[in-house]
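Given next are the chains, with one letter for each unit.
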Amino acid sequence: MLTYTIRRLVLSIPTLLFISIVIFLLLQLAPGDPMAQVPLTVPPEVKQQMREALGLGAPIHVQYWKWLVQFFWIEPQVFVDWLTRDSFFFGWLPDTNLYTGQLRVISWQTRSPVMDIVVQRLPQTLWVVGMSYIVGILIALPIGIYSAYRQYSLFDQAGTFVSMIGFSIPPFFSGVLVIVIFSVNLGWFPSIYDTTHVVTDWASFKVQLNQMILPVMVLALQTTAQISRFMRASMLDNLNQDYVRTARAKGLKESVVVLVHVLRNSMIPIITVIALGIPSIFGGAIITETLFKVNGIGQLLLTALFANDLPMVMTLTFIFAVLIVLFNLIADVLYGILDPRIRYD
Amino acid sequence: MKLRTLLMGAIATTAFTPVVYADGHEGDRGRDGQLNIIYWQAPSTLNPFLSGGTKENEAASLVLESLARFNEAGEMVPWLAEDIPSVDNGGVSEDLTSITWTLKEGIVWSDGTALTADDLIFTHEYCTHPESGCASVSYFDGVVSVEAEGERGVKITFDAPKPFPYTAFVGAESPILQKAQFQDCLGARAPECTEANFGPIGTGPFVVSDFRPNDVITYVANENYREEGKPAFATVTFKGGGDAAAAARSVLETGEFDYAWNLQLAPDVLDRMEAVGKGTVVAAYGTSVERLHLNQTNADPALGPDKRSVFMNGDNAHPFLTDPKVGQALSMAIDRELIVEVGYGAGGQPTCNVLPAPALYASEANDCLTQDIEGANALLDEAGWVDTNGNGIRDKDGVELSVLYQTSTNAVRQDTQALIKDWWSQIGVETELRNIDASVFFGGDPGSPDTFQKFYADIEMYTNNFAGVDPEAYMANWLCSDIPTPATQWQGSNIQRFCMPEYDELVEKMSVTSDLEERGELAKQMNDMIIQSYSIIPLVHRGNPSAHANTLGGVKMSDWDSELWNIADWYRIKN
């Protein structure tokens, strides 16, 4: 298993390099001008000077090489410095001071390091999107199990109906709907997420909870829909297997049959599905974040796209690519651990 | 209005302040607590020189200030300067080549150090550095030197007579940076100063306490602000993100926010939200005019690339749009009130001028506000345009009154196009409509046939305006020499290819006239010349709608400066 993991890790390096080239070239080919949002009243020659100040004049291969060096050599230095200086786990190590002031990956909109903004945005994305993922899974699993166990019952039909709604109603509709109902008409929850809010005590925790409910609700509906369907299908596959009949025949209680024998075997594909979905948490939820002004990674990517902020878009999409490759690997390895029948070596 | 009158106005305003105070909202600094502002496009930086975007300029205007600002009427108000220099008070030299501002006494930065001429000299150096890519560099056009004069004087010298010298250090786009903070950030090093760019030290009523790019800014009241008891708010949250509808909702319907910016929404949507009764929609009018440009050159597709829509010294005139009678009929057939009602609501007013404001420059000679289809028909009959072949379209000498009418893709513009097409069909003019994606239409790519500069159509519609309050450069847009041609890579601002030697003379005259009233007269004459040539048909004077909570007092929206220019005077209305 270890050799397999190492082999996959080594193979992912050329894959990621190839992905980075493709992203870079696609962004170069896409039409767009980072000065498009500057008002018409700013003269064209001033706009040209501003473009040159951003480094737009350089040839394409030079721009790509610069980005590679900045992302793979300079940013890790900054990260290691931060680890040994301020982080909780490695703060006791001596300061490394690797970073000596070279140019980092700089955003065109803000003229500041992209990674600093990403780090600033991660908490709200992880809180809201991550929480909705957990909530979604916690709701989905029992629904999936019970729907399969009582297939075609009233509960199963209702579960199917709700999942279909979750699949087919996009968040730009459900999001606005819950805002109109719960913020505008009832006034229970805020429609705008306050990213500066700090949880210090019980009261501020309640405020945080309050502002998270609506976005988490909208996102969890979609997660629930997907995972409960998978869970149901997987349970159904296993419920008709011979080993289930054997278990019942030897007089095991029904709860043991379903929750121990069947559930454990059905969870194997579900865990893979859940692991493969984790990168999308870091990717944020572009529409829902924008709707509730959560301003996490998704909203960051969206504004960067609108502003043609190529370094920001490039870095974000590449981070997503790394996460997807990584979690694919993790899912494969997990599969091997959970299912003794599967061996890669 | 002479400058002296303006000054009197400023004095009168100061005299009026105690009356406002008697309203019952005087008191200590920070008495009204928290103020929430939402800009649905979030600011990316607080250094306006590095961005040039409106959202950044306005967010920075709470902190950074300039020598003079423009109030809601477009009049200059001395801000960090004692008064507005003029030739009369000796502040502007007789030959119009220099201006000397005097800083108010005792102004300090929020860190407690004094504002001096050095800071202004440095700001000039910072913005004009060749590698900086400063967005406001045009505000320093023609400035040769900035130097200290005496204790509080700052002398700006120009390379040539400058009849309107109030550009450098005036308004939200040209604020003053602190030398001590930015001196290591010149030129190519500007982006390295993230801390300074995200938290500039200013003289304004608020100080940045936390800046998160493209997300949210928090400010606290500036303890060193020059006016006692101001600002009324102790902290400001400046939230970004979402869209215009959500921003409007948060002020007008849920009341979570106190002020929302740039609410270009369908009039019925905005009206419905306002009806909830929590807030008010306000609009500031600058110089933006939605207008029709009537191509004065022949745009016939049969002509080759060297001739189509090329001016050729007047030898390639449009078959009928150069006839003012036709233009006049087209203008008379339009019901501007209805266009405003359908597409603009609080964000627009019908107008008959291409230069609608400031009041000093706005002509009153043109009247077009009542639709007159019958009159238009009569006018065309009289000019000899009649339907001889019975196809429902007027013609003369074998030329049919048939136009191609293009604009950018945008719901309001397509509604307007449909309305106008219908009205023109009622006067026997056939209209073919076309819309082009905005990024292509305004993109300026000389290789594309669809740019507004190339104008491969008979009529096109868009909005233009100018920054600041002085229309000299704007009126010079319509010089004969500014006509876009293949030789200039289709660059040039005289889009409709209007050319009149008398007009060029007036532009020349304005560039040497310094008396404000005389400049106003010249601008009016030029406006009337263009309007009466019917090469431009103005439709709507567009405003910027914003919304504020009914509990927020003191809002005076100005389109000439940052909308938040007088935020130091805002207060909470308590019932």
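All values derive from a computational prediction rather than experimental measurement.

Engineer: Just checking my understanding: could you explain the overall build of chain B for this structure?
Structural biologist: Helix and strand counts for chain B come out as 16 helices and 20 strands. For 575 residues, the compact-globule formula gives about 25 Å, and the C-alpha radius of gyration of chain B, at 25 Å, lands near that figure. Dimensions along the principal axes, computed over C-alpha positions, put chain B at roughly 80 × 55 × 45 Å. Looking at chain B as a whole, 51% of its 575 residues qualify as buried. Within chain B, residue pairs in contact and separated by at least 24 positions form 68% of the contacts whose partners lie at least 6 positions apart.

Engineer: Would you take a moment to explain the overall build of chain A for this structure?
Structural biologist: Secondary structure summary: chain A contains twelve helices and zero strands in total. Seen in sequence order, chain A has helices and strands lined up from the N terminus as α-α-α-α-α-α-α-α-α-α-α-α. With respect to the principal axes defined by its C-alpha atoms, chain A has extents near 80 × 60 × 45 Å. Expressed as a percentage of the 345 residues in chain A, the buried residues total 32%.

Engineer: So what exactly am I meant to see when it comes to the interface of chain B and chain A here?
Structural biologist: By a frequent convention, interface size equals the accessible area lost on bringing the separate parts together. Each partner contributes to the interface: chain B provides 39 residues, whereas chain A provides 34 residues. Taken together, the elements giving at least two residues each to the side of chain B that touches chain A come down to α6 (194–198), β7 (206–212), β8 (216–221) and α7 (244–252) of chain B.

Engineer: In this structure, what is going on with the packing of helix α8 (residues 242–249) of chain A against helix α9 (residues 254–282) of chain A? I would like to understand it.
Structural biologist: Angle between the axes and distance between the axes are the two parameters that describe a pair of packed helices. All names here are of chain A. Relative orientation of the contacting elements α8 and α9 amounts to 145°, with a least axis distance of 11 Å. Crossing geometry of α8 relative to α9 is assigned as right-handed. The residues of α9 that touch α8, namely those facing Tyr-243, Val-244, Ala-247 and Arg-248, are Val-257, His-261 and Val-262. Its residues assigned to classes, the contact of α8 with α9 shows five nonpolar, one polar and one charged.

Engineer: Hey, could you run me through helix α4 (residues 114–149) of chain A in this one?
Structural biologist: Owing to its 3.6 residues per turn, the α-helix brings residues three or four apart onto one side. Over its 36 residues, α4 of chain A runs 49 Å from end to end, which matches the ideal 52 Å to within 8%, given 1.5 Å per residue. At Arg-121 of chain A, α4 of chain A shows its strongest bend, of approximately 35°, with the proline Pro-123 of chain A following within four residues.

Engineer: What exactly am I supposed to notice about the environment of Gly-53 of chain B here?
Structural biologist: Residue and element names in this part refer to chain B. In this fold, Gly-53 is placed in the loop between α2 (48–51) and α3 (54–60). Look at Gly-53 and you get buried, because 22 C-beta atoms sit within 10 Å. In this structure the C-alpha to C-alpha distance between Gly-53 and Glu-173, which are 120 residues apart in sequence, comes to 9.3 Å.

Engineer: Even after reading the chapter, I still don't get the pairing of strand β6 (residues 153–158) of chain B, so can you show me in this structure?
Structural biologist: On a regular strand, each side chain points to the face opposite its neighbour's, so the side chains alternate between the two faces of the sheet. Residue and element names in this part refer to chain B. Here β6 shows a buried face lined by Val-154, Ile-156 and Phe-158 and an unburied face lined by Gly-153, Lys-155 and Thr-157. Relative to β6, strand β4 (residues 98–102) runs antiparallel, the two sharing five bridges. When the bridges of β6 are listed, Trp-101 appears paired with Val-154. Relative to β6, strand β5 (residues 143–149) is paired through six bridges, and the arrangement is antiparallel. If you follow Ser-145 over to β6, its bridge partner there is Thr-157.

Engineer: Whenever I open this one, the nonpolar core confuses me. Can you help?
Structural biologist: For soluble globular proteins, nonpolar side chains are generally found buried alongside one another. Residue and element names in this part refer to chain B. Among the nonpolar cores identified, the biggest contains 100 residues, and Ala-68, Ala-248 and Ala-260 are the most heavily contacted of them. Discounting residues that sit within four places of it in the chain, Ala-68 has contacts with Met-76, Val-77, Pro-78, Trp-79, Ala-81, Ile-84, Tyr-166 and Val-170. In terms of nonpolar packing, the next biggest core, distinct from the first, is built from 62 residues, Val-326, Phe-452, Tyr-456 and Tyr-462 among them.

Engineer: So what exactly am I meant to see when it comes to the sheet that holds β5 of chain B here?
Structural biologist: In any sheet, the strands associate via hydrogen bonds between backbone groups, in a parallel or an antiparallel arrangement. Residues and elements named next belong to chain B. Pairing is antiparallel across the open sheet formed by three strands, whose spatial order is β4-β6-β5. Each having just a single partner strand, β4 and β5 make up the two edges of the open sheet. Going from strand to strand, the sheet's axes swing by 20° on average, the running direction of each strand aside. Seen against the sheet, helix α4 (residues 117–128) touches β5 and β6 and runs at an angle of roughly 165° to β5.

Engineer: Mind showing me how you'd approach the confidence of the model for chain B here?
Structural biologist: Parts of the model with low pLDDT should not have their predicted coordinates read in detail. All names here are of chain B. Across chain B, the average pLDDT comes to 88, with 95% of residues at 70 or higher. Contacts of residues 6–22 to residues separated by more than four positions or lying in other chains number ten contacts, the stretch itself having pLDDT below 50. Prediction confidence for the complex, expressed as pTM and ipTM, is 0.80 and 0.79 respectively.

Engineer: I would appreciate a short explanation of unusual backbone geometry in the present structure.
Structural biologist: Both trends apply: most residues other than glycine have a negative phi, and most peptide bonds are in trans. Residues and elements named next belong to chain B. Looking along the chain, the bond that leaves Lys-230 and enters Pro-231 is cis, with omega of -10°. Note on placement: Pro-231 falls in the loop between β8 and β9 (235–240). Cis peptide bonds are those with omega within 30 degrees of zero, and the linkage from Ala-357 to Pro-358 qualifies with -5°. Its location among the elements puts Pro-358 in the loop between β12 (348–350) and α11 (373–382).

Cut-offs used in this document
Residues numbered from 1 in each chain as written. Chains lettered and ligands numbered in written order. Predicted model: local features only at pLDDT ≥ 70, side-chain atom pairs only at ≥ 80, totals over all residues. Helix = DSSP H or I, 4+ residues; strand = E, 2+ residues; numbered from the N terminus. Rg over C-alpha atoms; globule rule 2.2 N^0.38 Å. Buried ≥ 20, exposed ≤ 12 C-beta atoms within 10 Å, placed from the backbone. Contact = placed C-beta atoms within 7 Å. Axes fitted to C-alpha atoms, helices over the stretch in contact; angles between N-to-C directions. Left-handed = near helix turned anticlockwise from the far one by under 90°. Nonpolar A, V, L, I, M, F, W, Y, C, P; charged D, E, K, R; others polar. Expected span 1.5 Å × (residues − 1). Bend = angle between axes of the 7 residues up to and from the residue. Pairing = 2+ DSSP bridges. Core = buried A, V, L, I, M, F, W, Y, C linked by C-beta atoms within 7 Å. pLDDT = per-residue confidence, 0-100.

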